[in-house]
Amino acid sequence: MNRTEDTTGLFRLGVLVSGSGSNLQSIIDSLHEGGSGIEVALVISDNLQAYGLKRATIAGIPTAVFPLGDFADRAAHDLAMADELDRHGVDLVVLAGYMLLVTPAFLKRFPRRVINLHPSLLPAFPGDTPIEDTMDYGARVTGVTVHFVDEGTDTGPIILQEAVEIKYNDTVDSLRERIHTVEHRLLPRAIELIAGGRLRFDEDNPRRVLA
Ligand code: GAR
């Protein structure tokens, strides 16, 4: 897998968040400030109130806000974001709790360089409310998926997955908390695999990502 580097030699991330940004924090703690050779070059949000923006500012990371309402349509919104990510020389775009779908034109700008974190074992329970949907369904096992983003909703090639057991007395909040614990480990690990050039697509079946 190809990667480009800026003059610092660091692998540069653009992280997109919509809310709390606890996964952004795990990237900051374990990679950005962890001597990994990986840095967060830019944090973008669609939501001015996102606490993730504050986390970035505290860590001295540049931020940008792109509210949907400021643009004529989704395509214009995403192209402006892509321009900003390019200006910061981003090697990989990480959707870490970013709650908008990105457009095909955005993906074309970063081929096989956009990954997403999702709180279920895909292809089960895609969409906006996977933890609630999993509980409502009565599933006994769920988990976390990190995957490349394609033009579908939560359908791209899977990089890493880990299961989380659902207990009888779980609530949405208690399950979310255990899922978060796994996410905070799995997402940085997936980023390290990509940054280290340790992933490749199976030529016979590009849905299969080999580590
Ligand atoms: C995470 O659980 C992530 O998997 C989920 O949003 C949460 C963000 O938490 N993403 C999705 O549901 C995407 N469909 P955070 O803001 O604390 O990192």
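If you're wondering where the values come from, they're calculated on a predicted model, not measured in any experiment. (Residues numbered from 1 in each chain as written. Predicted model: local features only at pLDDT ≥ 70, side-chain atom pairs only at ≥ 80, totals over all residues. Heavy atoms only, no water.)

Enquirer: Explain helix α1 (residues 22–32) to me, please; I cannot follow it from the model alone.
Expert: Among the residues of α1, those classed as buried are S22, N23, L24, S26, I27, I28 and L31. In this fold, the buried residues of α1 make contact with β1 (11–17), β2 (38–45), α2 (51–58), β4 (92–95), β5 (114–118) and α6 (172–195). (Buried < 20%, exposed > 50% of the residue type's maximum accessible area, 1.4 Å probe, protein only. Helix = DSSP H or I, 4+ residues; strand = E, 2+ residues; numbered from the N terminus. Contact = heavy atoms within 4.5 Å.)

Enquirer: Could you clarify how one ought to interpret the side chain of S26 in this entry?
Expert: Following the sequence through the fold, S26 ends up in helix α1. Among all residues touching S26, those that are not within four sequence positions of it are L31, H184 and P188.

Enquirer: Any chance you could explain the confidence of the model for the protein chain here in plain terms?
Expert: Taken residue by residue, the protein chain gives an average pLDDT of 95. The fraction at 70 or more is 97%. Low pLDDT, under 50, characterises residues 1–5; the stretch is placed with 12 contacts to residues that sit more than four places away or in other chains. (pLDDT = per-residue confidence, 0-100.)

Enquirer: Got a minute to help me understand unusual backbone geometry in this structure?
Expert: Backbone phi values are negative for most residues with the exception of glycine, while trans is the configuration of most peptide bonds. Going from L122 to P123, the amide bond is cis rather than trans, its omega being 10 degrees. Relative to the helices and strands, P123 is located in the loop between β5 and α5 (130–137). A positive phi angle, close to 55 degrees, is found at R112, a residue other than glycine. Topologically, R112 is positioned in the loop between α4 (104–109) and β5. In this structure, D154 takes a positive phi of about 60 degrees despite not being glycine. For D154, a relative accessible area of 14% puts it in the buried group.

Enquirer: What's the story with α5 in this structure? I'm lost.
Expert: For an α-helix the count is 3.6 residues per turn, leaving residues at separations of three or four pointing the same way. P130, I131 and T134 are the residues of α5 that are buried. Burial along α5 is one-sided: seen end-on, the buried residues are contained in an arc of 100 degrees. Looking at the buried residues of α5, the elements they touch are β5, β6 (141–148) and α6. Of the residues flanking the end of α5, it is G138, one or two places downstream, whose phi is positive at about 85 degrees. (Arc of directions from axis to C-beta.)

Enquirer: Can you walk me through the packing of aromatic side chains in this structure?
Expert: The relative placement of two aromatic rings is captured by the distance of their centres and the angle of their planes. The tally for this structure, following the rule as stated, stands at 4 aromatic pairs. Centroid distance F125 to Y137: 5.6 Å. Interplanar angle 70 degrees. Geometry classified as edge-to-face. Of the two residues, F125 sits in the loop between β5 and α5 while Y137 sits in helix α5, which places them 12 residues apart along the sequence. Taking the relative accessible area as the measure of exposure, Y137 reaches 66% and is therefore exposed. (Phe/Tyr/Trp six-rings, centres within 6.5 Å; stacked < 30°, edge-to-face > 60°.)

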